[in-house]
Amino acid sequence: MIMLNRMRFNFNKLSLEDENDDKSQEGINKASKGGLIYGEYLQLNKILNAQELESEKKGKKIHDEHLFIVTHQAYELWFKQILWEMDSVRVIFQNGHVRDERNMLKVITRMNRISLILKLLVEQFSVLETMTALDFFDFRYHLSPASGFQSLQFRLLENKIGVPQSLRVPYNRRHYRDNFKGQDHELLLQSEQEPTLLQLVEAWLERTPGLDAEEFDFWGQFEENVLKGLEEEFALIQAKAESEEKDDLLSEFQKQRDILLSLFDEKRHEHLLSKGERRLSYKALKGALMIYFYREEPRFQVPFQLLTSLMDLDVLMTKWRYNHVCLVHRMIGSKAGTGGSSGYHYLRSTVSDRYKVFVDLFNLSTFLVPRHWVPKMNPSIHKFLYTAEYCDSSYFSSDDSD
């Protein structure tokens, strides 16, 4: 008994000592003294009370309508963040701050952030897919004439990235902007008149150091190397004995030759540009290809990351559209949309290259050539590349790009 009491005493003493030495409890509850608190800062009262079920207003609350509302509200909040990041990137380009490498890293960071958000939004469709078509049918008729097409932020995002107005799929044979009124209509019109991300990137690519003849003359040397390389390949094929294999090689060579030589046909490029099949100017395309070939050079590593992030943006926007099409097809089949469109059939028509803004960057792989065809850089060219963008002291503006 004495031993038991002694153990209890030691245990109690140890517990008291532990409490006294508990570092996790040494903080101060500042919120108890007043001031800004979590819910007020995030305005949660507004956000968490913004889910008004139309089915409940009509007298019969449908459980899954709450999921439908929350998911779409989450989409719109993330669209707002994407636009916030996109606008900041466009400002950096517009103000010329992109010439400072420090701001280029900022651009890359924000573009990668946009990609991560879009990945989240692509995956978010799986949450909506936990609702069956019948579950959706229970409250869908309450939603008309509301429609996802009426998402102002998504239309603004398309415009700011650079979806060409001439390539947009008409909405019920009308211009997409006709579905918006008042201030929303004005915001869309304004966004169409602002420099797009595509236009800003195009101007940046046109300034790629090493393109001009008096500099490195990458394009002139590249064309010369391609012509020489094609001649050598043709000679090797011609030296082979006559056979079916030789005929196949000649056929493939001719196709590849036509593709590569088309790259140096500026008039053809301008024709494709007028048809909407190319998006970048001829000079910008040259710059992009130069960055692509010299991506392992320290001077072009960050620019190459930017080009990659732009392709990621297009890929994820396309995946988002595709997942949306699949969801709509699953939920309503071939019925008309709540806003009056043809529904699935209309959405399916938007999943194409006409909505892919940086399609030219994807097509760069068409013009891949053996590494030894790419013009070599000598030490003086290396030095030129590292100083070309920084010879103007204004490039080192201390102003914050934001």
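Let me begin by describing the structure that accompanies this report. In this text the structure is predicted, and so the values were computed from the model without any measurement.

Conventions we followed
Residues numbered from 1 in each chain as written. Predicted model: local features only at pLDDT ≥ 70, side-chain atom pairs only at ≥ 80, totals over all residues. Heavy atoms only, no water. Phe/Tyr/Trp six-rings, centres within 6.5 Å; stacked < 30°, edge-to-face > 60°. Helix = DSSP H or I, 4+ residues; strand = E, 2+ residues; numbered from the N terminus. Buried < 20%, exposed > 50% of the residue type's maximum accessible area, 1.4 Å probe, protein only. Lys NZ or Arg CZ within 6 Å of the ring centre and 35° of its normal. Salt bridge = Lys/Arg side-chain N within 4 Å of Asp/Glu carboxyl O.

**Some words on the packing of aromatic side chains**
Then step 1. Tallying each qualifying case throughout the model produces 28 aromatic pairs.
Then step 2. Judged by centre distance (5.5 Å) and plane angle (65°), the ring pair of F68 and F139 falls under edge-to-face. Note that F68 is positioned in helix α5 (residues 65-94) and F139 in helix α7 (residues 133-140), a separation of 71 residues in sequence. Considered together, F68 and F139 belong to a single accessibility category, that of buried residues.
Then step 3. Plain terms: the ring middles of F216 and Y294 are 6.2 Å apart, the flat faces sit at 65° to each other, and that makes the pair edge-to-face. With F216 in the loop between α10 (197-206) and α11 (218-238) and Y294 in the loop between α14 (282-293) and α15 (298-332), the pair connects residues that are 78 residues apart, well separated along the chain. Of the two residues, F216 and Y294, both sit in the buried class.
Then step 4. For R295, the ring lying beneath its charged end belongs to F304, and the centroid distance is 5.6 Å.

**Description of the pattern of salt bridges**
Then step 1. The final tally for this structure, using the stated rule, is 20 salt bridges.
Then step 2. Two residues, E192 and R177, come together in a salt bridge whose shortest N-O distance is 2.9 Å. Linking E192 in helix α9 (residues 182-193) with R177 in the loop between α8 (152-161) and α9, this pair joins segments that are 15 residues apart in sequence.
Then step 3. The class for E192 is partly exposed, based on a relative accessible area of 22%.
Then step 4. R371 is the partner of E296 in a salt bridge, and the nearest nitrogen-oxygen pair spans 3.8 Å. Here E296 is found in the loop between α14 and α15, whereas its partner R371 is found in the loop between α17 (359-362) and α18 (379-388), with 75 residues between them in sequence.
Then step 5. Judged by relative accessible area, R371 falls into the exposed class, the value being 62%.

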